[in-house]
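# Summary of the model geometry
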Amino acid sequence: MLIPKMILKQLYTLGSLENTESGVVFSVKNRLSDANFIEFIHLKIDGREIPNSKIKLTSAGQTIAASDISKTNAIDFPLRKMVDIHAEFDHLPEGKYEIEVKFKATPFGKLTVTVDDTISKPKENVVKIPRDSEDDFSERAIKARQDFVAEYSGKKLEHIPQYSFDPHITDGNCEHFTGVAQVPIGFAGPIIIHGEHFDGEVIVPMATAEGTLVASYNRGIKVLNESGGVKCTVQRDVMQRAPVFVFEDARGARDFVDWCYKNFQKIAEEAEATTSVGKLKYIDPYLASKFAYLRFNFSTGDAAGQNMVGRATFAACSWILEAFKEHKITNFYLESNLATDKKASQVNVMRTRGKRVTGEITVPRDVLIQIMRVEPEQLVYHGQIANIGAILSGANNNGAHSANGITAMFIATGQDVANVAESSAGILHSEVDKNGDLYISITIPSLIVATYGGGTKLATQRECLEVMDCYGKDRVGKFAEIIAGVVLAGELSLGSAISSSDWVSSHEKYGRNR
């Protein structure tokens, strides 16, 4: 199995090279897929080969001599596992060194990792948070950190240490796990959703410290339900990584993009070899000066997919760097800021990032007046004025507060909360129809959600997803529809409160001003 050099370099843990009492040590970490370490071939430091008899490998407290590794005496090397390589060698002076380590691992075959790393002057009296290299999620390791925080800060921890789950489930979600932040959760609903992935009623968990938020959404849900339920549609589904290739001139960049079009199938094949779920759908090229920006667009199943598409794009670009020969590529970066990870952007509003989902409903005139004490004409006129305000401010959303509902649901369900930066974008539209009723819709053009992987497996977060039957595979479309419906409820509620001047009085009664 041919693995590009650029990907192999990622196996090495940069900054791990250190002098020890008996020689030197550095670390490699499996960032490919589950494997077995079946042969250690050689280690060279600045071209000097170190005999295998003077090399030992340690992992999870176990040590094995390099010369003893074989098919029948292999080292288990699953994904994300780290192995320390110890060599009896002269102490290295401060400076940069080339390290070449060659080994054989199934199912990959022979792998050669060549990197540069440095020996730096050790710092004295450095304060470090306690870690346990064997099991950093053990009760012993966690207690050590709790004691450290209390001693360092002078504040005894009373609430942070109170959790009800096996801390090992946070492996991959939180380093230096020390405890939990307890955020209040309230439920809104049930809300009636008419979607293509879900048609029915569901109650909605919302984690927040903002008074009136759950009550406001609950009020909006009442209007939606009295109007027959909200219609929700997932219109697009795509996740990006956007590398940039640098050339000597603009013609090189132009010819490169043409070459990528011709070789799309092979690029997709290389990308998709890293994932059983992700599929490369298309590439959007953007040319400027001597730079070729490629926005890779993937489908990612029930995962949010940022890590998935990063790994897949890296594999594709590694092949591209090896295969493209027409012009010299002078530099390359895996991310150019054109994917706009965790940033609001116009390109995501136009082109979609995550799910593009719309919630829409026609609210009968009498329902709106009875529950919200506002007429459709008032709400629409207020919306027209607010549109101008949104333009003047340069906002990414002409609605009221979609980020409130999205954030509360993200925290409750284990989403990456920083993705609210993209997910908060919204396009609100309202009009009075010929019957005098209110048509209102909200389009969320870059809703980044998951029902599988990431923080969704954590105890409380999984429980919240399971309440909505949104945990696991084939659930992400349903979850996106529910969020769209809840967001529309919030727009109706707050928009009506402002239009009818109930906004301040509500906060006085339920919120922080009480």
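Quantities reported herein were computed from a predicted structural model and do not represent experimental measurements.

## Re the packing of helix α10 (residues 402-413) against helix α13 (residues 476-499)
Running from N to C, α10 and α13 cross one another at 140°; their axes reach a closest spacing of 8 Å. On the basis of their axis angle, the class for α10 and α13 is oblique. The way α10 lies across α13 gives a crossing that is right-handed. Contact residues: α10 offers S402, I406, M409, F410 and T413, while α13 offers F479, I482, I483, V486, V487 and E491. By residue class, the composition of the contact of α10 with α13 is eight nonpolar, two polar and one charged.

## Structural notes on the sheet that holds strand β2 (residues 23-29)
Pairing between the strands of a sheet comes from backbone hydrogen bonds, and it takes one of two forms, parallel or antiparallel. Reading across the sheet, the five strands line up as β1-β2-β8-β5-β6 and stay open at both edges, with antiparallel pairing between neighbours. Two strands bound the open sheet, and with one partner strand each, they are β1 (18-19) and β6 (62-65).

## Quick notes on the packing of helix α5 (residues 264-272) against helix α6 (residues 306-323)
Across the interface, α5 lies against α6 with an axial gap of 7 Å and an inter-helix angle of 135°. Classified by the angle between their axes, α5 and α6 sit oblique to one another. Along this stretch, α5 crosses α6, giving a crossing that reads as right-handed. The residues of α6 that touch α5, namely those facing K266, I267, E270 and A271, are A312, A315, A316, W319 and I320.

## Here we look at a nonpolar patch on the surface
Taken together, I185, F187, I203 and V467 make up a surface patch of nonpolar side chains, about 310 Å² in accessible area. Here V467 lies in helix α12 (residues 459-467). When its relative accessible area of 39% is taken as the criterion, V467 is described as partly exposed.

## Some points on the side chain of K355
By the element assignment, K355 lies in strand β18 (residues 354-363). Of the residues examined, K355 reaches a relative accessible area of 3% and is grouped as buried. Those residues in contact with K355 that lie beyond four places of it in its chain are V234, R236, D237, G301, I444, P445, S446, L447, V449, V476 and A480.

## Some words on the pattern of salt bridges
The final tally for this structure, using the stated rule, is 20 salt bridges. Here R48 makes a salt bridge to D90, at a shortest N to O gap of 3.6 Å. Residue R48 is found in strand β4 (residues 48-50), and its partner D90 is found in the loop between β8 (82-88) and β9 (95-106); the two are separated by 42 residues along the sequence. For D90, a relative accessible area of 49% gives the class partly exposed. Residues K143 and D147 are paired through a salt bridge, measuring 2.9 Å at the closest nitrogen-oxygen approach. Here the residue K143 and the residue D147 both occupy positions in helix α2 (residues 139-153), the gap between them amounting to four residues, near one helical turn. What makes K143 partly exposed here is its relative accessible area of 44%. What makes D147 partly exposed here is its relative accessible area of 41%.

## Quick look at unusual backbone geometry
The omega torsion of the bond from T106 to P107 falls at 10°, within 30 degrees of zero and hence cis. For P107, the position within the fold is in the loop between β9 and β10 (109-119). With an omega dihedral of 0°, the bond running from G189 to P190 counts as a cis peptide bond. Within the secondary structure, P190 is located in strand β11 (residues 185-195). Its identity is not glycine, yet S289 carries a phi of approximately 55°, on the positive side. With respect to the helices and strands, S289 occurs in the loop between β15 (279-288) and β16 (291-299).

## What about the nonpolar core?
Grouped together as the largest cluster of nonpolar side chains are 51 residues, with contacts concentrated most on I191, M206, L447, I482, I483 and L492. Ranked by residue count, the leading element in this core is α13, at eleven residues. For I483, the contacting residues outside a window of four places in its chain are I406, M409, F410, L447 and V449. If you look at the next biggest cluster of nonpolar residues, it comprises 39 residues, including F40, A87, Y97 and F108.

## Overview of α13
Compared with an ideal rise of 1.5 Å per residue, which puts 24 residues at 34 Å, α13 spans 34 Å between its outermost C-alpha atoms and is within 8% of the ideal. Burial runs high along α13: 23 of the 24 residues are buried. Just past α13, the residue S501 takes up positive phi, approximately 65°.

## A word on the side chain of K478
Within the element layout of this structure, K478 appears in helix α13. On the accessibility criterion, K478 (9% relative accessible area) is buried. Sequence-distant contacts of K478, that is, excluding residues within four places in its chain, are made with H197, F198, M468, D469 and C470.

Conventions we followed
Residues numbered from 1 in each chain as written. Predicted model: local features only at pLDDT ≥ 70, side-chain atom pairs only at ≥ 80, totals over all residues. Heavy atoms only, no water. Axes fitted to C-alpha atoms, helices over the stretch in contact; angles between N-to-C directions. Helix = DSSP H or I, 4+ residues; strand = E, 2+ residues; numbered from the N terminus. Parallel < 35°, antiparallel > 145°, perpendicular 65-115°, else oblique. Left-handed = near helix turned anticlockwise from the far one by under 90°. Contact = heavy atoms within 4.5 Å. Nonpolar A, V, L, I, M, F, W, Y, C, P; charged D, E, K, R; others polar. Pairing = 2+ DSSP bridges. Patch = residues over 30% accessible without salt bridge, like charges linked within 9 Å, V, L, I, M, F, W, Y side chains within 5 Å. Areas by Shrake-Rupley, 256 points an atom, 1.4 Å probe, with all protein chains shown as cover. Salt bridge = Lys/Arg side-chain N within 4 Å of Asp/Glu carboxyl O. Buried < 20%, exposed > 50% of the residue type's maximum accessible area, 1.4 Å probe, protein only. Core = buried A, V, L, I, M, F, W, Y, C linked by side-chain atoms within 4.5 Å. Expected span 1.5 Å × (residues − 1).

Functional significance is not addressed by these values, which are geometric in nature.
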